[in-house]
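Coordinates in review
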Amino acid sequence: MKVTLKVWRQQSPNSAGRFETYPTPDLNPNMSFLEMLDVVNDDLTRQGKEPIAFAHDCREGICGTCGLSINGRPHGEGRGTATCQLYMRHFTEGQTITIEPFRAGPFPVLQDLIVDRSAFDRIMQKGGFVSVRTGSCQDANALPVAKPAAELAMDAAACIGCGACVASCKNASAMLFVSAKVSQLGLLPQGQPERHRRVLAMVAQMDREGFGNCTVTGSCEEACPKNISLAFIARMNRDYAVALLKGE
Amino acid sequence: MKLDSKIPAGPLEQKWARHIAENRLVAPNNKRKYHIVVVGTGLAGASAAATLSELGYRVTAICFHDTARRAHSIAAQGGINAAKNYQNDGDSVWRLFYDTVKGGDFRAREANVHRLAQVSSGIIDQCVGQGVPFAREYGGLLANRSFGGAQVSRTFYARGQTGQQLLLGAYSALSKQVGAGAITMLPNTEMLDLVVVDGQAKGIVARNLNTGKLERIAADAVVLATGGYGNVFNLSTYARNSNATAIWRAHRRGAGFANPCFTQIHPTCIPVSGDYQSKLTLMSESLRNDGRCWVPKREGDKRRPQEIPEAERDYYLERMYPAFGNLAPRDIASRAAKRVCDEKRGVGESGLGVYLDFSDAINRLGLETIKERYGNLFDIYHEITDEDAYGTPMRIFPAVHYTMGGLWVDYNLMSTIPGLFVLGEANFSDHGANRLGASALMQGLADGYFVIPNTICGYLATQKPGSCPSADGEEFQAAEADVTARIERLLGVRGKRTITDFHKALGRLLWENCGMARKRANLEKAIREIPGLREEFWQDVNVPGEAGNLNQSLERAGRVADFLELAELMCRDALAREESCGCHFREEYEEAGECKRNDQDFAHAAVWEWQGEDKAPVRHTEPLAYEFVKMATRSYK
Ligand SMILES: Cc1cc2nc3c(=O)[nH]c(=O)nc-3n(C[C@H](O)[C@H](O)[C@H](O)COP(=O)(O)OP(=O)(O)OC[C@H]3O[C@@H](n4cnc5c(N)ncnc54)[C@H](O)[C@@H]3O)c2cc1C
Ligand code: FES
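The rules we used
Residues numbered from 1 in each chain as written. Chains lettered and ligands numbered in written order. Predicted model: local features only at pLDDT ≥ 70, side-chain atom pairs only at ≥ 80, totals over all residues. Heavy atoms only, no water. Helix = DSSP H or I, 4+ residues; strand = E, 2+ residues; numbered from the N terminus. Buried < 20%, exposed > 50% of the residue type's maximum accessible area, 1.4 Å probe, protein only. Contact = heavy atoms within 4.5 Å. Lys, Arg positive; Asp, Glu negative; His and termini not counted. Charge placed at Lys NZ, Arg CZ, Asp CG, Glu CD. Near = heavy atom within 4 Å. Polar contact = N/O pair within 3.5 Å; in protein donor to acceptor, adjacent residues only side chain to side chain. Nonpolar A, V, L, I, M, F, W, Y, C, P; charged D, E, K, R; others polar. Salt bridge = Lys/Arg side-chain N within 4 Å of Asp/Glu carboxyl O. Pairing = 2+ DSSP bridges. Phe/Tyr/Trp six-rings, centres within 6.5 Å; stacked < 30°, edge-to-face > 60°. Lys NZ or Arg CZ within 6 Å of the ring centre and 35° of its normal. pLDDT = per-residue confidence, 0-100. Domains from an automatic or database assignment. Buried area = accessible area lost by both parts, 1.4 Å probe. Right-handed = clockwise from strand over helix to strand, strands pointing away.

Let us now look at the overall build of chain A. Assigned secondary structure in chain A consists of 8 helices and 7 strands. Seen through its principal axes, chain A has C-alpha atoms that stretch 60 × 35 × 35 Å. For chain A, buried positions account for 60% of its 248 residues. Excluding contacts between residues fewer than 6 apart, the proportion of contacts in chain A whose partners are at least 24 apart in sequence is 70%. Here chain A holds 26 positive side-chain charges and 25 negative ones, and the gap between their average locations is 5 Å.

This is the structure we're talking about:
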């Protein structure tokens, strides 16, 4: 099969970007989307052109590195998969596919399809942890956790930090990302001592980074490759309200 | 090259405690006077950086990823071992130690492995304390599963995302320290050379991958935790960007490279489907708890699996290894798969595949239980192959997965260059000639949380506080000049062939000649051909773009150039080891299809010393003395 790509090209953070159109060489429908880009890039290189920069690593939907907007949707059509888990068999012969970086103010473009998501790290550094020192923990089974709570915490912990939630949101809100971590730790006994401090600190940093407010459109849940639930945002809002009341 | 393993004296059980008690310490008020640079923030590096900083050392941590949370450790699926004996099924530190030594086919150092088993329990405690959501039973206590090579259930897991959860735990500890201003974290930064001053490792030269700027970082000690080098084969289960550059550059600066040919080929991966393929996807070994491996009994049987009656199926692992069945260790299961495919009984279009069948387990336990246990793995399989493994058996085939070889380290995890420490998959230490499932996560975290914090002090105590050299010193300038020259050379070729082209060619050469089965003639051929390929690379590779900005082609080219050197060493190592052991199967040394070890001549780690470009490296040995266990023929029958 062959398709046509309309790709965002941008030399550097400060240069102006533009769309370029490239016909692809012959493709195999069993290729992954990123393998398709590999093939196109080798083709461009052979023609003496600059290959398209795109971020990727694990190529199995777990590292959160890849993140492309495909035909206007972060990670493309289909729920619960990252860009690297998308296969060409889901496209049709001759289709034009538009590929852009994740668009959001707090995620500046570095080059072509690569954006800077370091804002997420800075939010985590404000409170996305339990303050335990190595070696100071009691026996693991001394702290039973009810299975339903453990399972729900795991649902939240599955977040891969890709930023699709932000890119899909018209307000560029990072609430789904932040609430996933706040909920994971808030659901577990280990997370209780710092529960209130954590939510206040992480939300404050989220605001400082310029992420917008949540207006509950649900687009983030839709785009999330790990099906993180919107219900975690509600959970975080409750924690936040309680923390404010307690005045921590 | 002097290889002193520094194994403490005394009974096995007391070595580690005594070593901690007798090792020199650094006083609390002096710790902040030492600067440690940690390269790599996967499980090993993140846990080390966090813990060293908690102790009070000044730490700079770097990784080439855009954030520490994306290290390759994130992809580990199945689980992590620990000798907790929560199942009351006869586990103990001794048993975990013994299983690991036996699993490694008696090519690992006893004292190191025993220490690993000893600290394993503490890892689980630490991770639970951080909020890692391990799987639990209804009573609220931790759940376990079984893994290959063990007859007890000692593997802790978090769905099929154990590595992710453990890494996020270590990343949270790292984030805590970065937030407190105690760690300088430099993501998007790739180490391109090691700086050695007066014979000691005192810093690195690294490239900021976003700006292209080179940085010199001086330190009192350097810790490498840069992962494994399986991508030398091009196709593997590794993340695409995993590479050998950090350890290879250190090797060229004098660090001994141990057992480079020990490569684990994992038995359960999704088979190759085409030439465009960029990676192979692992289906976790945990699937072998409930899945049964089989192929048709008849050669060339092309019927659909459902049409092949029970009596005409060969459940070859259960037949060949009745005691362990489908849970035979990886090297053995991989070779068995290769053997049945060589007999033309392989399945799928290419004939390079075997079935992993869940129908019995689904009948026995119900669909829901199987979904709960392996749902996400079945989903991954479906996405990639477009097949539904609940209804039809999975097709799997072995793929390159892990490298037991790595930089040689002593008991303190220090390489042959004083001041250079190596942790995690990057070192050679604990798995001998074959690693058991769920033991890499254990080793990475053991090294980072518990070992290095208790050993690095012994070295630092020999260094005067504040004696760290300046990054403007002549060794630093020289190393930077080397790095610049190499980058210019890569960009200057402007040839016709793509980097991919060379990587694929190298991968094929290595897979065919230094893969699951090896023999003298093939290895000699590879040793002849690799230098030719390397020369062609330097004459005809096309690396577009410039040095002074983000340039992914340049990053890849540098890594492939290093693979082209490392591959030759792997073949030399495989050729020199004239025995079969663990993953290293030399066709000349076998008995009824199984490895034939030669303890007389090869009960040692082979440690290679770099001699310069286009000069043959020198092979040294560290004898492995088995004082506490008896070396036996490894049998899983
Ligand atoms: C698909 C898969 C599944 C697995 N499942 C399991 C399992 O279930 N159980 C188990 O025990 N093991 C498993 N393993 C093995 C295990 O995941 C790895 O061996 C382990 O995670 C390696 O950890 P590490 O910290 O040593 O290195 P990595 O996690 O690979 O981290 C390397 C770090 O070094 C950095 N780095 C590398 N080079 C440089 C450089 N030159 N400059 C700067 N930074 C650099 C990287 O950015 C990264 O931060 C699995 C492996 C794979 C491939
Ligand atoms: S490349 Fe890792 S999630 Fe896509």
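The subject of this paragraph is the site of ligand 1. Residues and elements named next belong to chain B. Around ligand 1, a shell composed of 36 residues is seen, among which H65, S73, M191, E425 and L441 lie nearest. Here an oxygen atom of ligand 1 sits 2.8 Å away from a polar atom, N or O, in the main chain of G78. Here a nitrogen atom of ligand 1 sits 2.8 Å away from a polar atom, N or O, in the main chain of M191. Among the elements that take part in the shell around ligand 1, strand β6 (residues 189-197) stands out by supplying 3 residues, more than any other. Considering only residue class, the shell around ligand 1 consists of 17 nonpolar, 16 polar and 3 charged.

To continue, consider the pattern of salt bridges. Per the stated rule, a full pass over the model turns up 67 salt bridges over all chains. Of the charged contacts in the structure, one is a salt bridge between R89 of chain A and D386 of chain B, with a shortest N-O distance of 3.9 Å. On the criterion of chain membership, the pair formed by R89 of chain A in the loop between β4 (73-74) and β5 (96-101) and D386 of chain B in the loop between α11 (367-385) and β15 (394-403) is interchain, its members lying in two chains. Classification of D386 of chain B as partly exposed rests on a relative accessible area of 47%. Across the salt bridge formed by E151 of chain A and K147 of chain A, the nearest N and O atoms sit 3.8 Å from each other. With E151 of chain A and K147 of chain A both in helix α3 (residues 147-157) and 4 residues apart, the pair spans about one turn of that helix. When salt bridges with common partners are traced through the structure, they connect D105, R107, R577, E579, R597 and D599 of chain B into a single cluster.

With that settled, the discussion passes to the sheet that holds strand β20 (residues 604-609) of chain B. Sheet strands pair by backbone hydrogen bonding; their relative direction is either parallel or antiparallel. Residues and elements named next belong to chain B. With antiparallel pairing, 4 strands are arranged side by side in an open sheet as β16-β10-β20-β21. The sheet is open, and its two edges are formed by β16 (406-407) and β21 (618-623), each paired on a single side. Pairing of β20 with β21, which is carried by 6 bridges, proceeds in the antiparallel orientation. Looking across to β21, one finds that E609 is bridged to V618.

What follows concerns the pairing of strand β7 (residues 200-208) of chain B. Residues and elements named next belong to chain B. In terms of burial, β7 is largely enclosed, as 8 of its 9 residues are buried. Two elements, β6 and β7, share 8 bridges in a ladder whose sense is antiparallel. When the bridges of β7 are listed, V195 appears paired with G203. Linking β6 to β7, which pair antiparallel, is a turn of 2 residues; within it D198 sits at a positive phi near 50°. In terms of strand pairing, β7 meets strand β8 (residues 214-218) through 5 bridges, oriented antiparallel. Residue pairing for β8: V205 is matched across the bridge by R216. Counting the residues in the hairpin turn of β7 and β8 gives 5 residues, including G212, whose phi is positive at 80°.

So, on to the packing of aromatic side chains. Under the criterion given, the structure shown has 25 aromatic pairs over all chains. A ring pair is formed by F106 of chain B and Y626 of chain B, whose centres lie 5.8 Å apart and whose planes are at 70°; its orientation type is edge-to-face. Here F106 of chain B, found in the loop between α4 (93-103) and α5 (110-130), pairs with Y626 of chain B, found in the segment after β21; they are 520 residues apart in sequence, far enough to count as distant. Comparing F106 of chain B with Y626 of chain B shows no difference in burial state: the two are buried. With centroids separated by 5.9 Å and ring planes inclined at 85°, the aromatic side chains of W248 of chain B and W610 of chain B adopt a geometry described as edge-to-face. With W248 of chain B in helix α7 (residues 245-252) and W610 of chain B in the loop between β20 and β21, this residue pair connects regions lying 362 residues apart in the sequence. W248 of chain B gets classed as buried once you look at its relative accessible area, which sits at 2%. Taking relative accessible area as the criterion, W610 of chain B reaches 22% and is therefore assigned partly exposed. In this structure an aromatic cluster arises from ring pairing among F107, F120, F177 and F211 of chain A. Sitting over the face of the ring of F64 of chain B, R559 of chain B holds its NZ or CZ atom 4.8 Å from the ring centroid.

It is worth spelling out the side chain of D42 of chain A at this point. Position of D42 of chain A relative to the elements: it lies in helix α1 (residues 33-46). Buried and unpaired, D42 of chain A has no salt bridge, with R46 of chain A as the nearest side chain of opposite charge at 4.5 Å. Once you skip the residues sitting within four places of it in the chain, D42 of chain A turns out to touch T498 and T500 of chain B.

So, about the confidence of the model for chain B. As a general rule, the predicted coordinates of low-pLDDT regions are not to be interpreted in detail. In the predicted model, chain B carries a mean pLDDT of 96, and 100% of its residues have values of at least 70. Interface confidence for the predicted complex, given as ipTM, is 0.98, next to a pTM of 0.97.

Here we come to the domain arrangement of chain B. A common way to express how large an interface is: the accessible area buried when the components associate. All names here are of chain B. As assigned here, chain B comprises domain 1 (265-401) and domain 2 (480-601). Centre-to-centre, using C-alpha coordinates, domain 1 lies 30 Å away from domain 2. Across the boundary between the two partners, domain 1 contributes 12 residues, which contact 11 residues of domain 2. Summing the contributions of domain 1 and of domain 2, the shared interface buries around 950 Å²; its carbon and sulfur component is 59%. By the criterion of area lost to domain 2, the three top residues of domain 1 are I265, R335 and K338, representing 50% of everything that side buries. Counting across the domain 1 and domain 2 interface gives 1 salt bridge.

What follows deals with the environment of N231 of chain B. Residues and elements named next belong to chain B. Its location among the elements puts N231 in the loop between β9 (221-224) and α7. Residue N231 is classed as buried on the basis of its relative accessible area of 2%. Taking the C-alpha atoms as reference, N231 lies 34 Å from V629; in sequence the two are 398 residues apart. If sequence neighbours within four positions are ignored, N231 has contacts with S236, Y238, A239, R240, N241, S242, H503 and F563. Only 3.0 Å separates the side chain of N231 from the backbone oxygen of S242, close enough to count as a polar contact.

Residues and elements named next belong to chain B. The strand order across the open sheet formed by 5 strands is β11-β15-β14-β12-β13, and the pairing between neighbours is antiparallel. Of all the strands in the sheet, just β11 (263-269) and β13 (313-314) have a single pairing partner and so form its edges. Inspection of the sheet shows strand β12 (residues 292-296) paired to strand β14 (residues 354-357) by 3 bridges, in the antiparallel sense. Bridge pairing in β14 places R292 opposite D357.

With 67 residues of chain B at the contact, the number on the chain A side is 70 residues. Together, the buried faces of chain B and chain A total about 5900 Å²; carbon and sulfur atoms form 50% of this surface. At the surface where chain B touches chain A, the tally comes to 7 salt bridges. When the shortest N-O distance is used, the salt bridge between R117 of chain A and D66 of chain B registers 3.5 Å. Sorting the residues of the side of chain B that touches chain A by element identifies α3 (43-55), α5, α6 (162-179), α11, α12 (440-460) and α16 (552-576) of chain B as the ones contributing at least two each. Ranked by residues supplied to the side of chain B that touches chain A, first place goes to α6 of chain B with 9 residues. Here the side of chain B that touches chain A is composed, by residue class, of 21 nonpolar, 31 polar and 15 charged.

On to the pairing of strand β2 (residues 58-62) of chain B, then. The side chains of a regular strand alternate, residue by residue, between the two faces of the sheet. With 4 of 5 residues buried, β2 of chain B lies mostly within the body of the structure. In this fold, strand β1 (residues 35-39) of chain B hands off to α3 of chain B, which returns the chain to β2 of chain B; that crossover is right-handed.

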